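What the coordinates show
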Amino acid sequence: MVYVDSWDEFVERSVQLFRADPSSTRYVMKYRHCDGKLVLKVTDDRECLKFKTDQAQDAKKMEKLNNIFFALMTRGPDADISEVSGKEQTEQHQSKKGRGRRQ
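Residues numbered from 1 in each chain as written. Predicted model: local features only at pLDDT ≥ 70, side-chain atom pairs only at ≥ 80, totals over all residues. Heavy atoms only, no water.

**Quick word on the nonpolar core**
Trp7, Phe10, Leu40, Leu65, Ile68 and Leu72 are the most contacted members of the largest nonpolar core, which totals 20 residues. Where this core is concerned, the elements lending two or more residues are helix 1 (7–20), strand 3 (37–43), strand 4 (48–53) and helix 2 (58–75). Leaving out residues up to four positions away in the same chain, Trp7 has contacts with Leu40, Phe51, Lys61, Met62 and Leu65. (Core = buried A, V, L, I, M, F, W, Y, C linked by side-chain atoms within 4.5 Å. Buried < 20%, exposed > 50% of the residue type's maximum accessible area, 1.4 Å probe, protein only. Helix = DSSP H or I, 4+ residues; strand = E, 2+ residues; numbered from the N terminus. Contact = heavy atoms within 4.5 Å.)

Below is the structure:
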C-alpha cells in the first residue's frame, strides 16, 4: 500500500491504474467519524494507492474524483476526462421548475 501525499498525484495515478486494467480496478471510500478521517483507496490487486485526509474541503475533490471514475466507467477507459467537473456541471443541466401548480 502506498499513501500518496499530493491529491493531484493520487488522481493522476488512480486514473492510470484504472485505464491499465478497468475490469479489476476497485475504488473504495472509508470515512471514520470518530477520527474525522477520510481514506480513498484505488487498487487492482497488484498496486494499491491510498489518500488520507481530515480536511472537510477535500470532500469537493472527492466528488470530482467520483465524477471522473463515473465517466471512465460509462464511456470507457479511453474517454476524455478533461471536461469532467464537480457539482457545478450537474447544476447547469438541471431544468428550472416554475412556481406554483400547473393550470
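**Some remarks on unusual backbone geometry**
Of note, Asp45 is a non-glycine position whose phi angle comes to about 75°, a positive value. Within the secondary structure, Asp45 is located in the loop between strand 3 and strand 4. Exposure remark for Asp45: the relative accessible area of 58% places this residue in the exposed category.

**Here's the deal with the pattern of salt bridges**
Taken as a whole, this structure holds seven salt bridges when the rule is applied. Between Arg26 and Asp45 there is a salt bridge, with the nearest N and O atoms lying 3.0 Å from each other. Of the two residues, Arg26 is situated in strand 2 (residues 26–32) and Asp45 in the loop between strand 3 and strand 4; the sequence distance between them amounts to 19 residues. Judged by its relative accessible area of 39%, Arg26 falls in the partly exposed class. A salt bridge links Asp58 to Lys61; its shortest N-O distance comes to 3.4 Å. In this pair, Asp58 and Lys61 are both assigned in helix 2, three residues apart and thus about one turn of the helix distant. Owing to a relative accessible area of 7%, Asp58 belongs among the buried residues under this scheme. Through salt bridges with shared partners, a single network forms among Glu9, Arg13 and Glu47. (Salt bridge = Lys/Arg side-chain N within 4 Å of Asp/Glu carboxyl O.)

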